[in-house]
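Spelled out from the first residue to the last, the chains are:
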Amino acid sequence: MNKTILAIGAHIGDMELTAGALLASCAVSGGHSVTLALTAGEKGAPAGADVAAYRQEKIAQAQAFMRDLGGETIVLDHPDGLLPNNDAVRFEVCDIIRRVKPDIIVTHHACSMHKDHMACHAIVTDAWFYAAIAGFERELPPHFARTLYYAENWEDAQDFKPYVYMDVSQGFALWEKAINHHAFTVHGSFPYKEYYSHLKRLRGIEGRRQYCECFMIPPEQLKLVKTLEDM
């Protein structure tokens, strides 16, 4: 699978948890993966910790995760909890899409308990469009990522309806190892690694596979085209 995947989250860790096994499966299949965090998620610093120092720890953990996958991580310099939902950020993301040239983009579903997640969804959906249109003149030429997926996240559960069951069995072991770099997923107050490990297995059972990650797609793409020969 010689594909390039760009996974864009509001915070470091969002995409590594929800789409990390897809990224790992891409890696073991000869593809290339990039994570882009619009903020570092530094406001989740443990009690008494220095927020600026915690931000650097989070960035180092994101880099370590992607080193295990042979990929790249990008972290923008926007404040956690205050992600600006404007065209300046959209064009930042647009430019990264044009540089990375992904076949697949993964980001947040529209509804969330986190305002940064909802802002990220709106930013990425528009940036995906901006990146594809030559009329938006930027330093790099346009690029159209043919596939846009919205990841399954317990914090974005409202109105999420699984549509694509992606078999990630071949990358699960790599993901299970790499996610340990993100300390909050194994040592925090919520058992993130355990939750998402079990979710991937549950979705795998539903999809008649070992492990699956589930995604929504834009509503306008919900079309199943068949001919009589397909029946």
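None of these values were measured; they are calculated from a predicted model. (Residues numbered from 1 in each chain as written. Predicted model: local features only at pLDDT ≥ 70, side-chain atom pairs only at ≥ 80, totals over all residues. Heavy atoms only, no water.)

1. Points about the side chain of Glu 16
Then step 1. Residue position: Glu 16 is located in helix α1 (residues 14–18).
Then step 2. The side chain of Glu 16 sits in the buried core without any salt bridge; Lys 58 is the nearest counter-charge, 7.9 Å away.
Then step 3. Of the polar contacts made by the side chain of Glu 16, one reaches the backbone nitrogen of Gly 13; its length is 2.9 Å.
Then step 4. A distance of 3.3 Å separates a polar atom in the side chain of Glu 16 from a polar atom in the side chain of His 182.
Then step 5. When sequence neighbours within four positions are dropped, the list of residues in contact with Glu 16 reads Ala 62, Phe 65, Trp 175, Ile 179 and His 182. (Helix = DSSP H or I, 4+ residues; strand = E, 2+ residues; numbered from the N terminus. Buried < 20%, exposed > 50% of the residue type's maximum accessible area, 1.4 Å probe, protein only. Lys, Arg positive; Asp, Glu negative; His and termini not counted. Salt bridge = Lys/Arg side-chain N within 4 Å of Asp/Glu carboxyl O. Polar contact = N/O pair within 3.5 Å; in protein donor to acceptor, adjacent residues only side chain to side chain. Contact = heavy atoms within 4.5 Å.)

2. Side note on the packing of aromatic side chains
Then step 1. Going through the model one piece at a time under the given rule, you end up with 14 aromatic pairs.
Then step 2. Measuring from centroid to centroid gives 6.0 Å for Trp 128 and Phe 144, while their planes differ by 25°, and the two rings are stacked. With Trp 128 in helix α5 (residues 115–132) and Phe 144 in the loop between α5 and β5 (147–151), this residue pair connects regions lying 16 residues apart in the sequence.
Then step 3. For the ring pair Phe 129 and Phe 136, a centre distance of 6.1 Å and an interplane angle of 75° mean the geometry is edge-to-face. (Phe/Tyr/Trp six-rings, centres within 6.5 Å; stacked < 30°, edge-to-face > 60°.)

3. Let's talk about the sheet that holds strand β1 (residues 4–9)
Then step 1. Taken in spatial order, the seven strands of this open sheet run β3-β2-β1-β4-β5-β7-β6, and their pairing is mixed. Two strands close off the open sheet at either side, each with one partner strand: β3 (72–78) and β6 (164–167). Each neighbouring strand pair of the sheet contributes to a mean axis angle of 30°, computed without reference to strand direction.
Then step 2. Note that strand β4 (residues 104–108) and β5 share five bridges and pair parallel. Within the sheet, the bridge partner assigned to Ile 105 lies in β5 and is Leu 148.
Then step 3. The strands touched by helix α3 (residues 51–68) are β2 (32–39) and β3; relative to β3, the strand with the most contacts, the crossing angle is about 155°.
Then step 4. The strands touched by α5 are β1, β2, β4 and β5; relative to β4, the strand with the most contacts, the crossing angle is about 155°. (Pairing = 2+ DSSP bridges. Axes fitted to C-alpha atoms, helices over the stretch in contact; angles between N-to-C directions.)

4. Overview of the nonpolar core
Then step 1. Judged by nonpolar contacts, the single largest core of 33 residues is most densely connected at Leu 69, Val 106, Trp 175 and Phe 215.
Then step 2. Elements with a minimum of two residues in this core: β1, α1, α2 (20–28), α3, β4, β5, α6 (169–178) and α8 (192–206).
Then step 3. When residues of this core are assigned to their parent elements, the largest contribution, five residues, is made by α2.
Then step 4. Setting aside its immediate chain neighbours within four residues, Leu 69 contacts Gly 20, Leu 23, Ala 24, Ala 27, Leu 174 and Ala 178.
Then step 5. Residues Ile 74, Leu 76, Tyr 130 and Phe 160 belong to the second largest nonpolar core, which totals 30 residues. (Core = buried A, V, L, I, M, F, W, Y, C linked by side-chain atoms within 4.5 Å.)

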